[in-house]
Structures are given as C-alpha cells and as structure tokens.
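Coordinate inspection notes
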Amino acid sequence: MLIPIHPADVVKNITAKDITGTNVVFINMPLREAAVPTTTPQGPLLLVTNLRDNYGVNATIVDLNFYRVPDESSRALGLPSGRPLTRLEARSLIEKHFGVHGRPALVAFSGIITTLQWQEDLAKIIRELTPEVFLVSGNGLATELRNPFNGLFNYIPELDGLAHSEGDDVILKIVYDAKLIKEMG
C-alpha cells in the first residue's frame, strides 16, 4: 500500500547550510511563439527568489520566452513581432550564461504542454554542454506527463527527474540531491 507523503515532510530537515552555494539554472521555454511575450516566468521566479534569499543558492533564469527576433525570416513567416530564438541561438545563450554564472549542479526546465519539442531539443543540448548536470522538468508539461510508464521520460530520456504540481517544497529536495550528486559523482 502506498502511503502518501507531503513534500514538506521530505524537506523539513534541509537547511540553508545544506544547499548554500549550489549553482542552479531554470530555463523557461518559449510560449505562444507567434505572439509577443506578455508574461514573466512567475513560477521559476518565485522558486529562484526563495532559493536565493532563504537558502543562499546561486539560482538564475534563462527566459527563452523573452526573445523575439525581428529579421527577414520572421517577416517571411508573417511574424511582425519577430521569431523565437533558433535552437542554435538558444544553445549559444545558455553557453554564455554558464560561462558567466558557472556550471550548474541542476538545470530545471519550466514549460507547459506545448513546449515538449523545445524540452526534447534542449535536453540534448544541456547534456552536450554539461553531461554531469542533474536535469529535471517541471510545470504543466511534467505534471501532465508524469506517468512513469508512458510519460515524459519516454519523450526525453535525458531527464533525471520530474517535479509535478507545486514546486515550492520539492525544489529544495531536488537542489539538495543535485548538490550531493555533483559532490559524490
């Protein structure tokens, strides 16, 4: 019989001392690619703020949804506000981010169900850039496809974990595990 465990019970003994200094990068996927971005990545921003302010984690965000490039390609596609980054441009941006902020112990994807292709592609890119990183997906896509038999791991085998539902408590355990894995190999 499966005994339900509340996430707060799992993280109640994790303190700032346990995860301070860990490098964590959240990557927010492009949404509504034919439209101007209208929202900030509120979920990842809340998690980053908590990790930084309360636990001393070096948490940052790469918001791929922010970018719209007005060029010939976007005009040819009828996208007056510009196109999202290409996968190569996204890779370059992430590489630069790692160069400035350091190699992360954890990379966490955030995105809704329509970001599956982006997450599939970026998982391969992240594994090329940092093969040892702990890679997780969260938000709507991970929640929707969390079934271990036919879920997100079947689409993105590069993933190490999923965070479904609310991430406020579980992100502490994920960061803690990522730090241990980085330290112990």
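Notes on the structure in this doc start here. (Residues numbered from 1 in each chain as written. Predicted model: local features only at pLDDT ≥ 70, side-chain atom pairs only at ≥ 80, totals over all residues. Heavy atoms only, no water.)

1. A word on helix H6 (residues 116-129)
Taking 1.5 Å as the rise per residue, H6 with 14 residues should run 20 Å; its terminal C-alpha atoms sit 20 Å apart, in good agreement. When you tally the buried positions in H6, you get ten out of 14 residues, the bulk of the element. Listing the buried residues of H6 in full gives Leu-116, Trp-118, Gln-119, Glu-120, Leu-122, Ala-123, Ile-125, Ile-126, Arg-127 and Leu-129. (Helix = DSSP H or I, 4+ residues; strand = E, 2+ residues; numbered from the N terminus. Expected span 1.5 Å × (residues − 1). Buried < 20%, exposed > 50% of the residue type's maximum accessible area, 1.4 Å probe, protein only.)

2. Let's talk about the nonpolar core
Ile-27, Leu-64, Ile-94, Val-107, Phe-109, Leu-122 and Ile-126 are the most contacted members of the largest nonpolar core, which has 25 residues in total. For this core, the secondary-structure elements that each account for two or more residues are strand S1 (23-28), helix H5 (87-101), strand S3 (106-110), H6 and helix H7 (140-144). In terms of residue count, H6 provides more of this core than any other element does, seven residues in total. With residues near it in sequence (within four places) discarded, Ile-27 still touches Val-62, Leu-64, Ile-94, Val-107, Ala-108, Phe-109, Ser-110, Leu-122 and Ile-126. (Core = buried A, V, L, I, M, F, W, Y, C linked by side-chain atoms within 4.5 Å. Contact = heavy atoms within 4.5 Å.)

3. A few points about the packing of H5 against H6
As a packed pair, H5 and H6 sit with axes 11 Å apart at the nearest point and diverge in direction by 45 degrees. As judged from the angle between their axes, H5 and H6 are oblique. Crossing geometry of H5 relative to H6 is assigned as right-handed. Across from Arg-87, Ala-90, Arg-91, Ile-94, Glu-95 and Phe-98 in H5, the residues of H6 making contact are Gln-117, Trp-118, Asp-121, Leu-122, Ile-125, Ile-126, Glu-128 and Leu-129. Considering only residue class, the contact of H5 with H6 consists of eight nonpolar, one polar and five charged. (Axes fitted to C-alpha atoms, helices over the stretch in contact; angles between N-to-C directions. Parallel < 35°, antiparallel > 145°, perpendicular 65-115°, else oblique. Left-handed = near helix turned anticlockwise from the far one by under 90°. Nonpolar A, V, L, I, M, F, W, Y, C, P; charged D, E, K, R; others polar.)

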